[in-house]
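# Summary of the model geometry
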Amino acid sequence: MVRSYKRQLGSRPYQNYSVEVLRAAVADVKSNKKSIREASEFYGIPKSTIGDKVKGTHDKNPGRQPVLNTDEEANLAHGISTAATWGFPLVEYDVRKVVQSYLNRKGVQIDRFSDHLPGVDWVKKFLSVPPENIINYDETNFSDDPGRVKIVCKRGSKNCDRVIDATKTSISVMMAASPSGTLLPPFVVYKAKHRYQEWEENGPLGCRYSCTPSGWFDARAFGEWFQEIVLPYYRNKEGKKLMIGDNLSSHITLDVIQKCEENNITFALLPANSTHVCQPLDVAYFGWRRILTDWKLKRRGPFQKSDFPTLLNRTLNEIKATSEKNIISGFRATGIWPLNADQVLKRIPRQQDENNDPNASLLSDSLLDILKTSRMPEPKTKTKRKRINVTAGKAVEIRDFSAPEAILNQVGQEVDLEDFDDEPLSVMRDQILEKKRLDLLEAGPSHHDDFPTEHFEEENLTDSNLKDKPEVQNVKPGMFVIVKVPIEHSSDIKYYAAKVIEKVGEDTESPLLQVRFLRKKKD
């Protein structure tokens, strides 16, 4: 017998329908949408079969029943796991011998096993999760935008556009599939507070509909999808079950986790930012844009919610011929079934070995420097603007608004700033410099070198003379003085630092000082 046998529909005169079609028929009867007779005629399923499923009198799968029931398989799996935990792991042959011993002790006759010893295929299927027991779900978005395509026109033509209406309207749809190629019925979520019958007509078989204020899957909508789509699919599946999906917070609820534990379903979450390489349905192509473009070429305006079930049904029918093959290829490419970690690892970029080529490291560092400069510029520091208080029409310079601390650094003198709280900064600086000059004169000639000349350099200007002051008698050449200069046509006064060059007329009653002015050094 073929090891991976899968019966084709229509190969025998009974059960010429899939499990999904049977579930859809039972759901329509339970929701009072159709009677048993109407569902039988619409879906092509015998009335007795639909009636037994609705009443729950026949829950077993058709065909030969398994050797071990669900409880026996669970106990066997627990015993194998316990033995491995205690340090006595079993091999496949050991598992076959355990089952043989159990059947002999039970005293049952199993014709399919020679001497009650299970075969190699049986133990392999028991230890692995059947492909039909694995599903991968993905929330996709069907938008009202057919996208852009190239058009054919005459060379050099301008403004050759094909105008098609497009909006930002979108509808969320949850799709799920198994490695066996089975596509579960979709689950549609509208952005609305209420649902209407027109929004659910002419849709795919078994499709479910819901609505949320945001139009996205929230915890309630995901719970409905799990209850109405996943659990009915797993109800007649035996053995371990696995559900794989992204780690969105709205998909992880206490109710879903409890139902997974009750139904022997393992809920596996994919790592963050890895769905493009680990999720089979993330790269699935549903042909939605082509169907939407054909629809828009015949109509104007955005599609309505009442049009969406028809468009979705047409899209799924278009890909029906190749959907099974594409789904199987998606699970194989992501390494989920058959299990192969290399399928994912080979799609992850690896850093090349730079030890063989010394120039490779230099080139890599140069590229990183350019990327850091272009992608990570220096952060801008925000400075708060401060309004200055000056007389209208008066010219100012930056030194007039220097901070008091900067002024103190220039003169090299600690001064109590509380004495100048009510004065402008420019006046404050002049008063501090004058105070410094007077303090140096009172201290005597030995302290004249304390004047802060490191901030100044000699100005190459013509020498200037000062009129006689009482303090001039104590001034000698080489000392530094503060010169008070009145501004012409103004009441302002400027103070300048100067170096005494020569004392003229020292023996007279009005001696004069020949000085050279200093200016601040440029940076």
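Just so it is clear, the structure is predicted and the values come from calculations on it, not from any experiment.

### Some remarks on the nonpolar core
- Membership of the largest hydrophobic core comes to 34 residues, with the highest contact counts inside it found for Ile134, Val188, Tyr190, Trp288, Phe303, Phe308 and Leu311.
- Not counting the four nearest positions on each side in its chain, Phe303 is found in contact with Phe142, Ser143, Asp144, Ile171, Trp288, Leu292, Trp295, Lys296, Phe308 and Leu311.
- Counting residues in each nonpolar core, the second largest holds 22 residues, with Ile135, Val189, Tyr234 and Phe267 among its members.

### Notes on the side chain of Lys259
- In this fold, Lys259 is placed in helix 8 (residues 254-262).
- Within the structure, the side chain of Lys259 is placed 2.5 Å from the side chain of Gln227, a separation counted as a polar contact.
- Excluding its chain neighbours within four sequence positions, the residues that come into contact with Lys259 are Phe226, Gln227 and Leu231.

### Some remarks on unusual backbone geometry
- For the bond running from Trp337 to Pro338, omega is -10°, close enough to zero to count as cis.
- When you line up the elements, Pro338 lands in the loop between helix 12 (320-333) and helix 13 (342-345).
- With a phi angle near 60°, Asn159 is a residue other than glycine that sits in the positive phi range.
- Secondary-structure assignment places Asn159 in the loop between strand 1 (134-143) and strand 2 (170-177).
- Its identity as a non-glycine residue notwithstanding, Asn273 has a phi of 60°, on the positive side.
- Mapped onto the fold, Asn273 is located in the loop between strand 6 (265-269) and helix 9 (275-278).
- On the basis of relative accessible area, Asn273 is assigned to the exposed category, the value being 73%.

Criteria and cut-off values
- In this numbering scheme, every chain counts its residues from 1 along its sequence in written order.
- In view of the model being predicted, local features appear only for residues whose pLDDT reaches at least 70, and side-chain atom pairs are presented and counted only at 80 or more, with totals across whole chains, interfaces and linings using the full set of residues.
- Side-chain numbers here rest on the full set of heavy atoms in the structure, without hydrogens or water.
- The set of buried Ala, Val, Leu, Ile, Met, Phe, Trp, Tyr and Cys residues whose side-chain atoms join them within 4.5 Å is what this entry labels a nonpolar core.
- When a residue's accessible area, from a 1.4 Å probe over protein chains only, is under 20% of the maximum for its type it is buried; when over 50% it is exposed; and in between it is partly exposed.
- Contact definition: two residues touch when any of their heavy atoms are within 4.5 Å.
- Counting from the N terminus, the helices are DSSP H or I runs at least four residues long and the strands are E runs at least two residues long.
- As used in this structure description, the phrase polar contact means that two N or O atoms lie within 3.5 Å; if the pair is within protein, one of them must be able to donate a hydrogen and the other to accept it, and residues adjacent in sequence are counted only when both atoms belong to side chains.

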